[in-house]
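# Structure assessment
Given next are the chains, with one letter for each unit.
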Amino acid sequence: VCVCTFMLSTACRHDADGDLDPPRGRERPAVSLSRALDGGYLASSLSFSHDRITDATGKAVMMRWEEPIMRAHAAALCCGAPSLSGSDVLNIGFGMGLFDEAAQALGPRSHTIVEAHPDVWANMHARGWASRPRCALVFGRWQEALPRLGLYDAIFYDTFGEGVAEFDAFCAVLPALLRPGGRFSFFNGFCAHSARLHTSFAMRTSACLGVLGLRCRFQLVPCEPPGEEGWRGVSGRYWTFDSYMLPVATLDEPSECRADTPPDAEPGGRAEAARRPNGADNARVAAQG
């Protein structure tokens, strides 16, 4: 786990089942599971609509307004190239599939998706993701899926119901999952109730990834969270900034692939409430899904 310890409250967001075997990878350390999720988020019933997924308490697992952000994440993982052609992509946490739709449009060589919530898993199959070309689906939490994963050129992490400890544990195995020059990004909703703490967490994450051999930079991306009507029916607004610090970390980062905003650039807007219950507070509270 990351050598940096930063106690902040944070709210975040598997059998192989596809026509593609994930690329083979290096041996990686076992990661312990948090039992809290098994009887919480993963055991809860989810509600699906066109613009959101909510859990049994009304908290947003994912919302449609995030779509431009997810497209930006997929584009950032191209490392300046026009597409993901020739890249093996791994996504941890499907949600509404916003990132995965964007990644698919960029034509990756392979696309592996790990999802742990049974309702999301069923929704993925109902939408035909199991029959998508070059796409492999893995059911379960990422901690359980590690032995079946391989080596990747681009990895995205966006879970619900996990916090800082789980995020750090995932970062710790990145060197065993990424090829040299491989890119990593994640939904950056940690500490979204405070611009100052949000920026501090970004700096902390950058330092921790650096210890692991990944150079992390942040791109400041404009975003438009919903207005009053858009939040209706959602328990807790998990995002109120008018900009988003999009992280891109590269293993043995080549000089030509660097995001252009340092981690000390604060997002605009005011954060009045922590986003989804993420164990600690990563805007969304996702649990491998």
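Preceding this paragraph is the structure being described.
In this report, we go over the structure that sits alongside the text. Along each chain, residue indices are assigned from 1 in the same order as the chain's sequence is written. Where totals are concerned, whole chains, interfaces and linings use all residues; where local detail is concerned, this predicted model gives features only for residues with pLDDT of at least 70, and gives and counts side-chain atom pairs only at 80 or more. Side-chain measures were taken over the full set of non-hydrogen atoms in the model, leaving aside hydrogen atoms and water.

### As for the sheet that holds strand β10 (residues 243–251)
Any two strands with at least two DSSP-identified bridges between them are counted as paired. By definition, any uninterrupted DSSP run of H or I lasting at least four residues is a helix, any uninterrupted run of E lasting at least two residues is a strand, and each is numbered from the N terminus. One open sheet holds the seven strands; their spatial order is β6-β5-β4-β7-β8-β10-β9, and the pairing between them is mixed. The open sheet is flanked by β6 (135–139) and β9 (214–222), the only strands paired with a single partner. Going across the sheet, the axis of each strand differs from the next one's by a mean of 20°, ignoring polarity. Inspection of the sheet shows β9 paired to β10 by nine bridges, in the antiparallel sense. Residue V221 lies in a different strand from β10, and its bridge partner there is Y244. Whether two residues touch is decided by their heavy atoms; if any such pair falls within 4.5 Å, the residues are in contact. Here an axis means a line fitted to C-alpha atoms, over the contact stretch when the element is a helix, while the angle between two N-to-C directions is reported on a 0 to 180 degree scale. In the packing of helix α4 (residues 118–126) onto the sheet, the strands contacted are β5 (110–115) and β6, and the crossing angle to β6 comes to about 155°. Here helix α7 (residues 195–211) sits on the sheet and contacts β8 (178–186), β9 and β10; the angle it forms with β9, its principal contact strand, is near 150°.

### Some remarks on the packing of helix α2 (residues 67–76) against helix α3 (residues 98–105)
As a packed pair, α2 and α3 sit with axes 8 Å apart at the nearest point and diverge in direction by 45°. Taken as axis vectors, α2 and α3 run oblique relative to one another. By crossing handedness, the relation of α2 to α3 is classed as right-handed. Here α2 contributes E67, M70, R71, H73 and A74 to the contact with α3, which in turn contributes L98, F99, A102 and A103. The nonpolar class holds Ala, Val, Leu, Ile, Met, Phe, Trp, Tyr, Cys and Pro. Asp, Glu, Lys and Arg form the charged class, and all remaining residues, Gly among them, are polar. Here the contact of α2 with α3 is composed, by residue class, of six nonpolar, one polar and two charged. Roughly parallel covers angles under 35 degrees, roughly antiparallel covers those over 145, roughly perpendicular covers 65 to 115, and oblique covers all other angles. Here a crossing is taken to be left-handed if its near helix is turned anticlockwise relative to the far helix by less than a right angle, and right-handed if that turn runs clockwise.

Such coordinate-based values are descriptive only and should not be taken to indicate function.
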